[in-house]
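Letter by letter, the chains look like this.
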Amino acid sequence: MSDLVESRADSTLAEFTADVCRRLASGLLDRTGDDLRDLVAQEVDGLRAALSDPSFLDTADAPSDPPFVSPKGYTTINTNPVTSRRNPLAPLVTIEHDGDVVEMTTTLSLPYQGPRGRVHGGYAAVLLDHVLWHAVRSRLDSVSFTRSLTITYEQALPIGTELTMTGRVTEIDGRKTFAAGEIKAGDVVCVRGEGLWVSPRPRT
Ligand SMILES: CCCCCCCCCC(=O)SCCNC(=O)CCNC(=O)[C@H](O)C(C)(C)COP(=O)(O)OP(=O)(O)OC[C@H]1O[C@@H](n2cnc3c(N)ncnc32)[C@H](O)[C@@H]1OP(=O)(O)O
């Protein structure tokens with residue numbers, strides 16, 4: 001069993017602060033002048049209140065990503081740029097396993113925009129890499145690394161619309177695991193991905 005390394009209140013404060021960063025990152029890109037000042041002031045007030053009165057953040061929900069001491073004895077903070085609640089670069093995502101299929105959902109805001117109204121293609125690749133890695137990991141006893149990933153952009157991937165990423169393993173051949181998946185907006189497949197994940201050679 002792993003041990004937590006900070007109080008529940010401090011983990012909640014860290015996740016609240018990351019959410020403030022997310023809102024500011026979006027606000028910086030869609031507000032100007034007084035509107036932006038109002039947002040900054042509101043978020044600074046919220047942070048001050050949270051620091052001075054921990055009950056400001058009282059919530060029935062446990063923090064989603066508290067740091068912990070791993071079974072090997074080192075402090076672990078989830079840094080993942082797709083899933084960590086504590087990393088402001090990560091959007092808020094859900095991940096579910098249904099048999100061999102992994103499904104992830106999120107809605108991306110302006111910090112992820114490439115062409116106007118569309119998700120940056122590189123970030124679409126990040127999302128597919130992540131969901132496919134999960135599908136691969138769920139089938140293996142050990143870790144594996146993305147060796148190749150081919151992305152096909154079929155349609156514009158919209159900003160501000162719920163996206164569903166799906167991944168599944170298509171073949172396992174020794175250290176090699178092949179997987180494929182897609183990103184949908186509603187019923188429309190916008191991006192497809194397929195790739196190879198390789199487990200490191202066993203140490204001799
Ligand atoms: C806790 C939550 C954490 C969540 C993390 C999510 C992460 C998402 C996924 C990632 O971002 S992983 C990070 C990005 N990837 C890397 O950093 C990997 C960098 N590459 C490596 O470290 C090495 O290339 C790797 C360990 C993957 C493989 O090195 P090896 O020297 O063991 O590979 P090798 O060249 O022997 O190839 C292994 C097999 O794959 C085959 N192969 C290699 N490239 C291929 C290719 N492109 N197509 C088909 N087959 C290929 C190769 O022929 C060979 O086949 P055989 O075993 O049958 O001989």
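Residues numbered from 1 in each chain as written. Predicted model: local features only at pLDDT ≥ 70, side-chain atom pairs only at ≥ 80, totals over all residues. Heavy atoms only, no water.

### As for the overall build of the chain
Alright, step 1. A count of helices and strands for the chain gives three helices and nine strands.
Alright, step 2. Along the chain direction, N to C, the helices and strands of the chain fall in the order β-α-α-β-β-β-β-α-β-β-β-β.
Alright, step 3. Dimensions along the principal axes, computed over C-alpha positions, put the chain at roughly 55 × 45 × 30 Å.
Alright, step 4. By the burial criterion, 34% of the 204 residues in the chain qualify as buried.
Alright, step 5. The contacts of the chain with a sequence gap of at least 6 include a subset with a gap of at least 24, amounting to 61%.
Alright, step 6. Working note: accessible area of the chain is about 12,200 Å², and carbon and sulfur atoms make up 51% of it. (Helix = DSSP H or I, 4+ residues; strand = E, 2+ residues; numbered from the N terminus. Buried < 20%, exposed > 50% of the residue type's maximum accessible area, 1.4 Å probe, protein only. Contact = heavy atoms within 4.5 Å. Areas by Shrake-Rupley, 256 points an atom, 1.4 Å probe, with all protein chains shown as cover.)

### A look at the sheet that holds strand β1 (residues 3-4)
Alright, step 1. Read across the sheet, three strands follow the order β1-β2-β3 without closing on themselves; strand pairing throughout is antiparallel. In this open sheet, the two strands that pair with only one neighbour each are β1 and β3 (75-76). (Pairing = 2+ DSSP bridges.)

### Some words on the domain arrangement of the chain
Alright, step 1. If you check the domain split of the chain, you get domain 1 (3-68) and domain 2 (91-198).
Alright, step 2. Computed over C-alpha atoms, the centres of domain 1 and domain 2 are 28 Å apart.
Alright, step 3. Residue-level contacts link six residues of domain 1 with five residues of domain 2.
Alright, step 4. Roughly 380 Å² of surface becomes buried between domain 1 and domain 2 when both sides are summed, with 70% attributable to carbon and sulfur atoms. (Domains from an automatic or database assignment. Buried area = accessible area lost by both parts, 1.4 Å probe.)

### Structural notes on the pairing of strand β8 (residues 176-185)
Alright, step 1. Counting buried positions along β8 yields seven of 10 residues, so the element is predominantly enclosed.
Alright, step 2. In textbook terms, the turn of a hairpin is the stretch between consecutive antiparallel strands, and for strand β7 (residues 162-173) and β8 this stretch comprises two residues, one of which, glycine 174, has a positive phi near 65°.
Alright, step 3. Relative to strand β9 (residues 188-198), β8 runs antiparallel, the two being bridged by 10 bridges. Pairing of isoleucine 183 across the sheet is with valine 191, part of β9.
Alright, step 4. Where β8 folds back onto β9 in an antiparallel hairpin, the turn is made up of two residues, including glycine 186, whose phi is positive at roughly 60°.

### Some thoughts on the nonpolar core
Alright, step 1. By size, the foremost hydrophobic cluster in this structure holds 26 residues, and its most contacted members are Leu108, Leu127, Leu157, Leu163 and Ile183.
Alright, step 2. Broken down by element, the residue count for this core peaks at eight residues, all from helix α3 (residues 121-137).
Alright, step 3. Contact partners of leucine 157, with chain neighbours within four places excluded, come to Gly117, Arg118, Val119, Ala124, Leu163, Ile183, Cys190 and Val191.
Alright, step 4. Ranked by size, the runner-up nonpolar core spans five residues in total, among them Phe16, Val20, Ala50 and Leu57. (Core = buried A, V, L, I, M, F, W, Y, C linked by side-chain atoms within 4.5 Å.)

### Considering the environment of proline 158
Alright, step 1. Relative to the helices and strands, proline 158 resides in the loop between β6 (145-153) and β7.
Alright, step 2. Here proline 158 is in contact with Gly117, Val119, Leu163, Ala185 and Cys190, once residues within four sequence places are set aside.

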